[in-house]
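The primary structure of each chain is shown beneath.
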Amino acid sequence: MTVVLVAWCSVSIGSSPATAAAAPTCTTASVRITDYNTIVGAGSVNDLFWIKNVSRQACTLRGYVRVAYVGVYGMGTPYKDSHRLTVREVHSYGRDGNDIGGLRKGLPVPRVTVQPDGGVASFWLAGTDEPVGNPPGRCIVSYKMLVWLPGSSTSIAVQPLRANGFYWCGGFAASLLLPGESGSDPPMPLSYYFGTPS
């Protein structure tokens, strides 16, 4: 007589999103920040920045970056003895006036997962490069921006676009960090903002 015993077992391959370990927060060592492109017109400046994950592990970001500049006060001021500047920064939840990008009204602040090996999150800075108000806001000229990721105490140095600088008068508004390259929700093709390259 032959007896056959069959054992049943369950094998899980991979993990479901519900049980997968949450990706860690992005650190200054895991990302690079670049000034992707700028839209300037009628005194309005909208500057799009990319945060690229250069590590081999997904990481997350939520909220707003904090920004500071190293440079000089006043357009036309000789660029010597550059120093850390005081520039007013406000947070912009969605589109406001001439600002571009941001989150669709009514949506919660997202936790953005930035995929490994080149995944991108993005944000906009918006303001003016003309002195406005009474008295007019103080203007700055800078060739070095310092960015702190949400919750980080260490900054990342960011250079402006080639042959350009950072010019703000009276402060700027930072949009929320959002997934993808366009800094907007819903996402937009980059050609919507910058046209089709010729």
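A. Seen up close, the pairing of strand β10 (residues 155–158). Residues I156 and V158 of β10 are buried on one face, while the alternating residues S155 and A157, pointing to the opposite face, are not. Inspection of the sheet shows strand β9 (residues 139–148) paired to β10 by four bridges, in the antiparallel sense. Residue pairing for β10: L146 is matched across the bridge by A157. Hairpin connection between β9 and β10: a loop of six residues separates the two successive antiparallel strands, and G151 in this loop has a positive phi of roughly 80 degrees.

B. Geometry of the layout of surface pockets. Empty space within the largest pocket amounts to approximately 210 Å³. Surrounding the largest pocket, 17 residues form its lining, A126, G127, T128, G171 and F172 being those nearest its centre. Only β2 (44–53), β8 (120–128) and β12 (172–175) provide two or more residues apiece to the lining of the largest pocket. When the residues that make up the lining of the largest pocket are grouped by side-chain class, the tally is seven nonpolar, eight polar and two charged.

C. Layout of the nonpolar core. In terms of nonpolar packing, the biggest core is built from 29 residues, with I51, Y69, L125 and M145 touching the most fellow members. If we skip the residues at most four places from it in the chain, I51 touches V31, R32, I33, L61, V65, V114, G119, V120, A121, F123, L149 and L177. Counting residues in each nonpolar core, the second largest holds seven residues, with L48, I100, V120 and W124 among its members.

D. Seen up close, the pattern of salt bridges. The full count for this structure, using the stated rule, is one salt bridge. The partner of R104 in a salt bridge is D185, and the shortest N-O contact between them spans 3.1 Å. Placement of the pair is R104 in the loop between β6 (89–92) and β7 (111–114) and D185 in the loop between β13 (178–179) and α1 (190–194), with a sequence separation of 81 residues.

E. Layout of the state of the cysteines. Counted according to the given criterion, the structure contains two disulfides. Here C26 connects covalently by a disulfide to C59, the sulfurs 2.1 Å from one another. Classification of the bridge connecting C26 and C59 rests on its S-S torsion, roughly 85 degrees, and on that basis the disulfide is right-handed. Of the two residues, C26 sits in the segment before β1 (31–41) while C59 sits in strand β3 (residues 59–62), which places them 33 residues apart along the sequence. C59 matches C26 in its accessibility class, with the two residues each being buried. Covalent S-S linkage joins C139 and C169, the inter-sulfur distance amounting to 2.0 Å. Across the disulfide from C139 to C169, rotation about the S-S bond amounts to roughly 105 degrees, and the bridge is consequently right-handed. In this pair, C139 sits in strand β9 while C169 sits in strand β11 (residues 166–169), placing the two residues 30 residues apart along the sequence. Taking the relative accessible area as the measure of exposure, C139 reaches 8% and is therefore buried. With a relative accessible area of 3%, C169 lands in the buried category. Regarding the disulfides, the chain carries the connectivity 1-2, 3-4 under sequence-order numbering of its bonded cysteines.

F. Summary view of the packing of aromatic side chains. Tallying each qualifying case throughout the model produces 11 aromatic pairs. Centre to centre, the rings of F49 and F123 are 5.2 Å apart; their planes meet at 10 degrees, and the pair counts as stacked. Taken together, the residues F49 in strand β2 and F123 in strand β8 connect sequence positions 74 residues apart. Residue classification places F49 among the buried residues on the basis of a relative accessible area of 0%. Since its relative accessible area comes to 0%, F123 is described here as buried. A ring pair is formed by W124 and F194, whose centres lie 6.1 Å apart and whose planes are at 20 degrees; its orientation type is stacked. Here W124 is found in strand β8, whereas its partner F194 is found in helix α1, with 70 residues between them in sequence.

The rules we used
- Residues numbered from 1 in each chain as written.
- Predicted model: local features only at pLDDT ≥ 70, side-chain atom pairs only at ≥ 80, totals over all residues.
- Heavy atoms only, no water.
- Buried < 20%, exposed > 50% of the residue type's maximum accessible area, 1.4 Å probe, protein only.
- Helix = DSSP H or I, 4+ residues; strand = E, 2+ residues; numbered from the N terminus.
- Pairing = 2+ DSSP bridges.
- 1 Å grid on protein atoms, 1.4 Å probe; cavity = no way out; pocket = protein on both sides within 12 Å on 5 of 7 lines; lining within 4 Å.
- Points joined across faces, edges and corners; volume = space filled by probe spheres on them.
- Nonpolar A, V, L, I, M, F, W, Y, C, P; charged D, E, K, R; others polar.
- Core = buried A, V, L, I, M, F, W, Y, C linked by side-chain atoms within 4.5 Å.
- Contact = heavy atoms within 4.5 Å.
- Salt bridge = Lys/Arg side-chain N within 4 Å of Asp/Glu carboxyl O.
- Disulfide = S-S within 2.5 Å.
- Phe/Tyr/Trp six-rings, centres within 6.5 Å; stacked < 30°, edge-to-face > 60°.

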